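Listed here are the chains, written in short residue letters.
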Amino acid sequence: MELIKTTNYTIKKANEQLQNHAEKVKQSKFWLGYHIAPPAGWLNDPNGLVYFKGEYHAFYQHYPYKSEWGPMHWGHAKSTDLIHWEHLPVALAPEYEYEAGGCFSGSAVVSGDELYLIYTGHNEKREPKEVQCVAKSTDGIHFEKLQENPVIAAPPEDGSFDFRDPKVWKQNDLWNMVVGSGKDGIGKALLYRSKDLKNWEYTGVVLESNGNQGDMWECPDIFSLDDDVDVLIFSPMNMEGSKTRYMIGKMDEITGTFETVSDDEIDYGVDFYAPQTFLDDQNRRILISWMNMWKKDMPEQADGWAGALTIPRELSVENNKLIMKPVEELKQLRTKQLVKEYEKALELSDLCLELEMVITSESSNKLGFSLLSEKGESVKIGYNGIGKQIFTDRREMQQGEQDLCQAYYENGKRDIKLTAYLDRSSIELFVDDGQLVMTNRFYFKGDNITLLISGNENDIDTLAIWQLKVTM
Ligand code: FRU
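Residues numbered from 1 in each chain as written. Predicted model: local features only at pLDDT ≥ 70, side-chain atom pairs only at ≥ 80, totals over all residues. Heavy atoms only, no water.

Engineer: Go over the overall build of the protein, please, and point to the residues and values.
Structural biologist: Of regular secondary structure, the protein possesses one helix and 33 strands. Taken against the 2.2 N^0.38 rule, which gives 23 Å for 472 residues, the C-alpha radius of gyration of the protein at 22 Å falls within 12% of a compact globule. With the C-alpha coordinates of the protein rotated into their principal frame, the extents come out at 70 × 50 × 40 Å. Counting the 472 residues in the protein, one finds 61% classified as buried. Summed over all atoms, the accessible surface of the protein reaches about 18700 Å², with 44% contributed by carbon and sulfur. Counting 50 positive and 76 negative side-chain charges, the protein places the centres of these two groups 3 Å from one another. (Helix = DSSP H or I, 4+ residues; strand = E, 2+ residues; numbered from the N terminus. Rg over C-alpha atoms; globule rule 2.2 N^0.38 Å. Buried < 20%, exposed > 50% of the residue type's maximum accessible area, 1.4 Å probe, protein only. Areas by Shrake-Rupley, 256 points an atom, 1.4 Å probe, with all protein chains shown as cover. Lys, Arg positive; Asp, Glu negative; His and termini not counted. Charge placed at Lys NZ, Arg CZ, Asp CG, Glu CD.)

Engineer: Account for the sheet that holds strand β8 (residues 144-145), naming residues and giving values.
Structural biologist: Sheet strands pair via backbone hydrogen bonds, and the direction of the pair is either parallel or antiparallel. Within the open sheet, the four strands sit side by side as β5-β6-β7-β8. Their pairing is antiparallel. For this open sheet the edge positions go to β5 (102-111) and β8, each flanked by a neighbour on one side alone. (Pairing = 2+ DSSP bridges.)

Engineer: Could you give an account of the domain arrangement of the protein, with specific residues and numbers?
Structural biologist: Examined at the domain level, the protein breaks down into domain 1 (11-326) and domain 2 (333-468). Measuring from the centre of the C-alpha atoms in domain 1 to the corresponding centre in domain 2 gives 30 Å. Contact with domain 1, which involves 33 residues of that partner, is made by 34 residues of domain 2. Overall, the association of domain 1 and domain 2 removes approximately 2800 Å² of surface from exposure, summing both partners, and the carbon and sulfur fraction of that is 55%. Considering only the side of domain 1, the residues that lose the most area to domain 2 are K29, Y34 and Y268, jointly responsible for 24% of the buried surface there. Scanning the region where domain 1 abuts domain 2 turns up four salt bridges. For the salt bridge of R441 with E300, the shortest nitrogen-to-oxygen distance reads 3.4 Å. The interface formed by domain 1 and domain 2 contains 28 residue pairs in polar contact (both at pLDDT 80 or more). Looking at the side of domain 1 that touches domain 2, the elements with two or more residues in it are β20 (313-318) and β21 (321-326). Tallying contributions element by element places β21 first for the side of domain 1 that touches domain 2, with six residues. (Domains from an automatic or database assignment. Contact = heavy atoms within 4.5 Å. Buried area = accessible area lost by both parts, 1.4 Å probe. Salt bridge = Lys/Arg side-chain N within 4 Å of Asp/Glu carboxyl O. Polar contact = N/O pair within 3.5 Å; in protein donor to acceptor, adjacent residues only side chain to side chain.)

Engineer: Could you give an account of the sheet that holds strand β4 (residues 86-92), naming the residues involved and the relevant values?
Structural biologist: Pairing is mixed across the open sheet formed by five strands, whose spatial order is β4-β3-β2-β1-β19. The two strands at the open ends of the sheet, each matched to only one other strand, are β4 and β19 (305-306). Across two bridges, the pairing between strand β1 (residues 41-52) and β19 is parallel. Bridging across to β19, G41 finds its partner in W305. Where helix α1 (residues 11-25) meets the sheet, its contacts fall on β2 (55-63), β3 (73-79), β4 and β19, and the angle it forms with β4 comes to roughly 150 degrees. (Axes fitted to C-alpha atoms, helices over the stretch in contact; angles between N-to-C directions.)

Engineer: Give me the nonpolar core: which residues, what numbers.
Structural biologist: W85 and V231 are the most contacted members of the largest nonpolar core, which has 54 residues in total. When we break this core down by domain, the ones giving at least three residues each are domain 1 (11-326) and domain 2 (333-468). Excluding anything up to four places from it in sequence, V231 contacts D221, I222, F223, L225, Y246, M247, I248, F258 and L322. (Core = buried A, V, L, I, M, F, W, Y, C linked by side-chain atoms within 4.5 Å.)

Engineer: Give a detailed account of α1, specifying residues and quantitative values.
Structural biologist: Residue pairs spaced three or four apart in an α-helix point in one direction, given the helix's 3.6 residues per turn. When the terminal C-alpha atoms of α1 are compared, their 20 Å separation across 15 residues agrees well with the 21 Å that a helix rising 1.5 Å per residue should span. The largest bend in α1 comes to about 30 degrees, at Q19. On its buried face, α1 is in contact with β2, β3, β4 and β19. (Expected span 1.5 Å × (residues − 1). Bend = angle between axes of the 7 residues up to and from the residue.)

Engineer: Kindly report on the pattern of salt bridges, identifying the contributing residues and their values.
Structural biologist: Applying the stated criterion across every chain yields a total of 35 salt bridges. In this structure, E55 and K78 form a salt bridge, with 3.1 Å as the shortest nitrogen-oxygen distance. With a gap of 23 residues between them, E55 in strand β2 and K78 in strand β3 connect regions that are remote in the sequence. Given a relative accessible area of 17%, K78 falls into the buried group.

Engineer: Please provide a residue-by-residue account of the site of the ligand, values included.
Structural biologist: Inspection of the region around the ligand gives N44, D45, Q61, W69, M72, F104, S105, R164, D165, E218, Y273 and W294 as its neighbouring residues. The contact in question runs from an oxygen atom of the ligand to an N or O atom on the side chain of D165, over 2.5 Å. Expressed as a share of its isolated accessible area of 320 Å², the protein-covered part of the ligand is 95%. Of the residues assigned to the shell around the ligand, the class counts are five nonpolar, three polar and four charged. (Near = heavy atom within 4 Å. Nonpolar A, V, L, I, M, F, W, Y, C, P; charged D, E, K, R; others polar.)

Engineer: I'd like a description of the packing of aromatic side chains, backed by residues and values.
Structural biologist: Summed over all chains, the structure comprises 21 aromatic pairs. Ring geometry for Y9 versus Y65: centroids 5.9 Å apart, planes at 35 degrees, classification tilted. Of the two residues, Y9 sits in the segment before α1 while Y65 sits in the loop between β2 and β3, which places them 56 residues apart along the sequence. Overall, Y9 belongs to the buried group, its relative accessible area being 19%. Y65 gets classed as partly exposed once you look at its relative accessible area, which sits at 22%. Geometrically, the ring pair formed by Y63 and Y65 is edge-to-face, given 5.6 Å between the ring centres and 65 degrees between the ring planes. Three or more aromatic residues link up through ring pairs in this structure, and these residues are W42, Y273, W290 and W294. Seen from the ring of W466, R334 lies directly overhead, with NZ or CZ sitting 3.6 Å from the centre. In this structure, K366 is placed above the aromatic ring of F391, and the distance from its NZ or CZ to the ring centre is 5.8 Å. (Phe/Tyr/Trp six-rings, centres within 6.5 Å; stacked < 30°, edge-to-face > 60°. Lys NZ or Arg CZ within 6 Å of the ring centre and 35° of its normal.)

Structure, rendered in structure tokens:
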């Protein structure tokens, strides 16, 4: 039976739209030099991160027609090394009744020779509004939606109509799917199992909020690290003081229930939401996240685009703490090392830098660095030894968010290592090789930037700055 399309969206139309606007969008002063961003239009969550036939694929929530959220398509990029990305045609457009409001977030798995995308079909005009769907491909570029869609047509009793973002993985010969939901103010992660990716059986609740952990758990993901540690990550809606969390513990192999040992924020920045992980061919667990947040100012919208993905980060666990560091490949982006100066003038377009400094944790000065513009704007980044706070201070910016982002940090040592990836309108700050991470966007009105190192030679042990290659 041929399914009838109920929307006017097509992949062809989406690709034409992107082709017509990509050139102009790239002129944006906020355009990122080495991060994935949409060729034009809107991007939110990373989706379907996967290693398939020798290449890394990153899909993402995408609306090609405007720099605002709209009926979701899946944008697509691929790479052989996690640092040079090539845009591919849009992978999914919302076409059928079961997904007419958008192909929402989901994941990808490889089965045999084929790549499967498992996603949420969203349609506000139908009850239930969210169902789970599958599309497949042999070339990793063109996808065909299954006749069996939706493969899960309604939420279970434990959940509600907010029932989305399936993350699928294989365990003991069975496909497992964790789906985000919530009921009566309690966010949850629900588990399904299947032999063939088409017929799914509900297993039960993996974990739910203790009452203070949000009312809907978006984008859940479950994986093992170091063999005997399991990790659950999710993005809770309406949780006081938190956006994206990890739980470290153990998932019961039979019931799927999760016993939590410790939990914390994944990234202390403002511009970090809905991360997803995948396993690569070297057995590394890699995380990529949306590098923005709902309801925040995004000045790049005026230039015809919005949203980007973070750099890939490798995960590990140490003393029940999640550690997240830039993948090794990023070092290949280094072109030249800048002369060690405490004050350096740059053009905004050259602000694609990696900066590494080791500072004294005991200093009463705020140590780190600032970016200043000729218009009196500044972003200050570093460590405040008195309050023991890692900070990113955007209060003196003139557009975008103007706030002070802080997180308590102490390592019990004399030194603290700061590694920062700067990319024209983004800063990803890694403390002590990923013990704490803080991701934020910033939007200068000025074009002439001064990079100013704060602190003197007594406070700073090592300082190295590399110019990074522009790949996008
Ligand atoms: C998270 C989210 C998901 C949903 C998608 C829609 O940012 O709200 O729950 O699938 O975005 O674009």
